[in-house]
Amino acid sequence: MVREPSIALKTIMPFSDNRVKQRSSDLEDEAPLIQNQHDDWVESSPASPVSPRRRRNIRSSASTTNVPSRNTTKAKSRTISFKVAEKLKDKFPANVVRNQKYNLITFFPLVFYQQFHIFINLYFLLVALSQFIPPLKIGYIITYLGPLCFVILVTMGKEAYDDWKRYKRDQENNSQKYQIMTTKGIKLVPSSKIRVGDLIIINKDQRIPADLILLRTTESSGACFIRTDQLDGETDWKLRLAVPYCQKLPSDESLLDINAEIYADSPQKDIHNFVGNFSKAVAEDIVPQVEALNVENTLWMNTVLASGTAIGFVIYTGKDTRAVMNTSHPETKVGLLDQEINRLSKILFLVTLLLSLLLIALNGFRGLWYIYLFRFLILFSSIIPIGLRVNLDMGKTVYGYQIMNDREIPDTIVRTSTIPEELGRIEYLLSDKTGTLTKNDMELKKLHMGTMAYNIDTMDEISNQLDAAFGKQQGKDVQRTSRTATSTILVGKSRRDMSSRIKDIVFALALCHNVTPVIESDDSEVTYQASSPDEVAIVKWTEHVGLTLVFRDINEMHLRTKHDKATDEIYFYEKGADVVMSRIVQYNDWLDEECGNMAREGLRTLVVARKKLSEEVYNDFSQRYHEAKVSLSDRKAQEQAVISTILENELELLGVTGVEDKLQDGVKTTLELLRNAGLKIWMLTGDKIETATCIAISSKLISRNQTIHQISKLQSIEDAHEELISLQTKGDFCLVIDGESLQIYMDHYQYEFIELAVELPVVVACRCSPTQKADITKLIKKFSNKRVCCIGDGGNDVSMIQAADVGVGIVGKEGKQASLAADFSVTQFSFLTKLLLWHGRNSYKRSAKLAQFVIHRGLIISVIQAVFSAIFYFAPIALYQGILIVGYSTVYTMAPVFSLVLDKDVREDIALQFPELYKDLIKGRSLSLKTFFQWLMISVYQGGAIMIMSIVLFEDEFINIVSISFTALILNELLMVALEINTWHRLMVLSEIITLAIYIVSMIFLPTYFDLTFILTETFVWKVLVITAISSLPLYIVKFLRRRYSPPSYLKLT
């Protein structure tokens, strides 16, 4: 039977989450400290004696220097009694989740404001209202009011449906039942009724409904685990600890009887820091018993209890909770194309006004000219087509359908159907790292010990060497003890054999970590939980080679091994980043070189070291560290001073581990293609600098010829200014910056920093909080005025995704929160290639062409009207009325024009093979003032040609001018659609044929406008064909010459 020797651990360093990610950066990589975030309430000294029969080990990992958050609100700190009065509870915000945009009162005003804030809608509202004034009435009111009402009603219905779904989700969250402990027993209350001061019972896998202080758990140690993936994006469980006094109470009901209160600092966004106290009144004349509280005693809202049952004390509710404060309500996103079209609409209004004024002026401002002016404005209202919005919105629906039904990017979901064109205009891509570029799946790949190295293929040899080492230790116990007495065991590593060195580093890796084994009750399977997935990978590796972690709590841990030999030796173990560890280990000539080699391979490196302590040194350290722990001023600084003086110097270097965070499939190719497409890529991560740099290198985010400039640990504004000056002298490089340094720039040198950063091809920002990610996104948008796309997979990426012009969420290990908040949801990072280079290209090019053609369709008929009015003494009389004007923008032209959404200017393989084509899209040349005025000139020419040639050729049949010119107009538009098509689709052909047939048949049923005896003559047919040829043939010739002598870039590749 295999025995499980227990190895006692001192409570100098908790095995909890030390990888704190906060807005002002944490220095996990920079300062490996022994830090006890909950030592204020540990009653026993860290020097408490342990059994001499056990091997004693002091361990440490690179930990964190906490910096207070900058994001405090105006709400004040609070002290809440366990017997707080009901009326005091009502002073705090209600615990209600509300994500709705509207209510019954605000729905209509807000929707109307949003719709009539758009110039086209406002213009047509005024035109429609003008038809209720008799002198201004032209034609049927329905022709002006109908299209506008249709657009508004569709939009209102969509907004109402979306908000109703948000209401149902909120109602589901607010109605979840929770158990509340009261003096009358346990009550079930909905989440929305929970108030500050309540005692809540949380069961396993239950969502935390408010911000709580953990009082008791079902574990005797007072520990429990929570899942925080919907709060900070991390999938690993976090350890939380109960208040010691409450945990020691005989029963849960005893909480109702104690005379105590909890002090909590003011609500703030920082999810990684908390300052509080638990005060227990002992007697009137005695100072209360106070126990310090920190983040390890908290259960934040929207986290999930992963183990056991817990009782929590509510300290923050509703808008005061960390989760709500870190959630930014999304604004309605308006695409750049829509903004450009809105600007063109204003130009079209000026054209309409100038044209009306010109006709009035040519008539000498006679009579009631101001009435005529308004009538002309109404006559020419088709210049600003209300159908433009309808066509574009329908086109966006088609693009969304095509994206979601693309078999090469399965399970892609379009959640925001209003901005697919933005996918073709992206210039900045901001990406999360873990779970987005990587799989968050770690594996130990290399172990280097100076003169010895093992990789994935030779790891099995370590098990054999470990067996040999333990066997040698047992066989030569007497000799080894003697050598220890003479201190010969501490000679340099070169005097020790291979097996002993392997045993030392494996033992160090098995002990020095934050991992906790968790046994699931369902299948009794042991899983490892830790704040860092690379630590889990290392512990799994030590299990593979023969040292298995089977138990740990706050005081000790148990390892299962084939051999059992206890000693009286005391070792201090520490591991951390090479930049820090190299300063505190003994001199060596290989550490920097090997860490650099592993980093170039994309491996996450950790340096492992130890220090042997005598009994005297250990007791001295324990005493001094305890004194520092209980000091009231500069506690952290005093603790660090003791650690640095006694422990963190002259450590024996054991080796370096290289852990691989596997990249997502196709990441390297995707990043290379996107970089060639002209995108500037930023990686925003909460991870440490070394890890982020490794991934940036291994994923090819940083190209081979690029240098890396790192900015970290800036302590002052002067240091930041000096770094800015040095950056300005550099050429092509990748900037790597930590969160604290970045915050200094954003606070003091925002303009200077972003001016430089937006020009860089690659930026890696580490230790970023969720709020920082969103702030960077907004800053890039504001400064560059370019389109920004953000992609992430965790709850901590939601704010960034919502702040971006285009937000892409990945469905992965970190849940669906990012996916649900995003505009587009994908399952792999590599799907971005096709989403941007193909679907983005098509959506933008098609919408640009569709928009300009619809504008052309309105311009040409207005030019015909203007020429007609000029010929007939500038009379504001409509040439086309009733069914003709309605049919012109619907059944006579709509299908062929809308079929342009199926057009392709290049083949898919060409677009993906030559990403450089995307650069033309970024420049926005498909829809610009240049292309607009080109279409304006085309419309003026064609409209003038049709009207003038109709009068010239049909001078004797002038009474039929309506049927003549209108027929030529319809034929011209069908030919113009054919002219604009690059790749014919069968639906395009059908739309042209069917539309022409509908027009011909309608002539029979509209005798008011069409005289069949005249239309069926050969004269009518050939003269209409001549007019059509004169209006459209020159454009075919121009297109042929342009493609032959000055073809666009994409045509050169086909």
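As the structure is a prediction and not an experimental result, all values here were calculated from the model. Residue positions are counted from 1 within each chain, in the order its sequence is given. Where local features are concerned, this predicted model is filtered to residues with pLDDT of at least 70; where side-chain atom pairs are given and counted, the filter is 80 or more; whole-chain, interface and lining totals use all residues. Think of the side-chain values as coming from all heavy atoms in the structure, minus any hydrogens and water.

### A few points about the pattern of salt bridges
Heads up, the rule is: The salt bridge definition used is simple: a Lys or Arg side-chain nitrogen within 4 Å of an Asp or Glu carboxyl oxygen. Runs of E in the DSSP output that reach at least two residues are strands. Runs of H or I that reach at least four are helices, and both are numbered from the N terminus. Here the term buried applies to any residue with accessible area under 20% of the maximum for its type, exposed to any over 50%, and partly exposed to those in between, with areas from a 1.4 Å probe on protein chains only.
Evaluated as defined, the whole model comprises 39 salt bridges. Residue Asp90 is joined to Arg195 by a salt bridge in which the shortest nitrogen-to-oxygen separation is 2.6 Å. Of this pair, Asp90 sits in the loop between helix H1 (86–89) and helix H2 (107–116) while Arg195 sits in the loop between strand S5 (185–190) and strand S6 (199–202); the two residues are 105 residues apart in sequence, bridging distant segments of the chain. Arg195 sits in the partly exposed class, given a relative accessible area of 25%. For Arg907, the salt bridge goes to Asp909, with nearest N and O atoms at 3.1 Å.

### Section: the sheet that holds strand S9 (residues 238–241)
For the record, the criterion: A pair of strands is treated as paired once DSSP finds two or more bridges between them.
Spatially, S9-S8-S14 is the arrangement adopted by the three strands of the open sheet, whose pairing is antiparallel. Either end of the sheet is taken by a strand with one partner, and the two such strands are S9 and strand S14 (304–305). Alignment of strand S8 (residues 223–227) against S9, held across four bridges, turns out to be antiparallel. The partner of Ala223 across the bridge, within S9, is Leu241.

### Observations concerning helix H27 (residues 832–871)
Formally: For a helix, the expected span equals 1.5 Å multiplied by the residue count minus one. Bend is the name given here to the angle between axes fitted to two runs of seven residues, the run ending at a residue and the run starting at it.
The end-to-end C-alpha distance of H27, which contains 40 residues, comes to 56 Å, matching closely the 58 Å that a straight helix rising 1.5 Å per residue would cover. Approximately 35 degrees is the largest bend angle found in H27, and it occurs at Gly840. Burial analysis of H27 places 37 of its 40 residues in the buried class, which makes it a mostly covered element.

### Some points on the sheet that holds S5
One open sheet accounts for six strands, arranged S5-S4-S6-S15-S7-S13; its pairing is antiparallel. The strands lining the two open edges of the sheet, one partner per strand, are S5 and strand S13 (298–299). The pairing of strand S4 (residues 177–182) with S6 spans three bridges and is classified as antiparallel. Each bridged residue has a counterpart across the sheet, and for Ile180 the counterpart in S6 is Ile200.

### Considering the confidence of the model for the protein chain
In plain terms, the rule: Residue-level confidence of the predictor, termed pLDDT, takes values from 0 up to 100. By definition, residues are in contact when any of their heavy atoms lie within 4.5 Å.
This prediction gives the protein chain a mean pLDDT of 82; 87% of its residues lie at or above 70. For the stretch residues 1–73, pLDDT sits under 50, and the model shows 284 contacts to residues farther than four places along the chain or on other chains. For residues 474–496, every residue scores under 50 in pLDDT, and the model assigns this stretch 22 contacts once sequence neighbours within four places are set aside.

### Some thoughts on the state of the cysteines
Counted only if it meets this: Cysteine sulfur pairs qualify as disulfides if the two atoms are within 2.5 Å.
If you walk through the whole model with that rule in mind, you get zero disulfides. A disulfide-free cysteine, Cys768 has its sulfur positioned 7.2 Å from the sulfur of Cys766, the nearest such atom. Overall, the relative accessible area of 3% leaves Cys768 in the buried class. With no disulfide of its own, Cys789 lies closest to Cys790 among cysteine sulfurs, the gap being 6.7 Å. What makes Cys789 buried here is its relative accessible area of 0%.

### Describing the nonpolar core
Short version of the rule: In plain words, nonpolar cores are sets of buried Ala, Val, Leu, Ile, Met, Phe, Trp, Tyr and Cys residues tied together by side-chain atoms within 4.5 Å.
Among the nonpolar cores identified, the biggest contains 100 residues, and Leu429, Leu679, Val764, Phe824, Phe829, Leu832 and Tyr918 are the most heavily contacted of them. Other than its neighbours up to four places away in sequence, Phe829 contacts Leu429, Ser431, Thr436, Leu437, Val667, Thr670, Leu671, Ile791 and Ile810. Formed by 48 residues, the second largest nonpolar core is a distinct cluster that contains Leu212, Ile213, Leu215 and Leu255.

### Considering the side chain of Arg322
The line we're drawing: Side-chain atoms alone can form a polar contact between residues adjacent in sequence; in general such a contact is a pair of N or O atoms within 3.5 Å, and within protein one must be able to donate a hydrogen while the other accepts it.
On the secondary structure map, Arg322 appears in helix H7 (residues 322–325). A distance of 2.9 Å separates the side chain of Arg322 from the backbone oxygen of Asn273, its partner in a polar contact. Sequence-distant contacts of Arg322, defined by excluding residues within four places in its chain, comprise Asp211, Asp265, Pro267, Gln268, Lys269, Asp270, Ile271, Asn273, Phe274, Trp300 and Tyr316.

### Re unusual backbone geometry
Its identity as a non-glycine residue notwithstanding, Asn302 has a phi of 75 degrees, on the positive side. Here Asn302 is to be found in the loop between S13 and S14. Look at Asn302 and you get partly exposed, because its relative accessible area is 26%. Positive phi values are uncommon outside glycine, yet Phe365 reaches one of about 55 degrees. Looking at where Phe365 falls in the secondary structure, it is placed in the loop between helix H8 (336–362) and helix H9 (369–379).

### Details of the environment of His985
Positionally, His985 belongs in the loop between helix H33 (961–980) and helix H34 (986–1005). Look at His985 and you get partly exposed, because its relative accessible area is 27%. On a C-alpha basis, the gap between His985 and Ser899 in space is 8.6 Å, while along the polypeptide they are 86 residues apart.

### Some points on the side chain of Asp211
We apply this condition: When charges are counted, neither His nor the chain ends are considered; positive counts come from Lys and Arg and negative counts from Asp and Glu.
Summarising the element assignment, Asp211 is placed in strand S7 (residues 211–217). Of the buried charged residues, Asp211 lacks a salt bridge, with Arg322 as the closest side chain of opposite charge at 4.7 Å. Ignoring sequence-local partners within four residues, the contact set of Asp211 consists of Leu299, Trp300, Met301, Phe313, Val314, Ile315, Tyr316, Asp320, Thr321 and Arg322.

### Considerations on the pairing of strand S24 (residues 570–576)
Along S24, seven of the seven residues are buried, which leaves the element largely enclosed by surrounding structure. Of the two faces of S24, the one lined by Ile570, Phe572, Glu574 and Gly576 and the one lined by Tyr571, Tyr573 and Lys575 are each fully buried. Pairing between S24 and strand S25 (residues 603–613): seven bridges, direction antiparallel. Residue pairing for S25: Tyr571 is matched across the bridge by Lys612.

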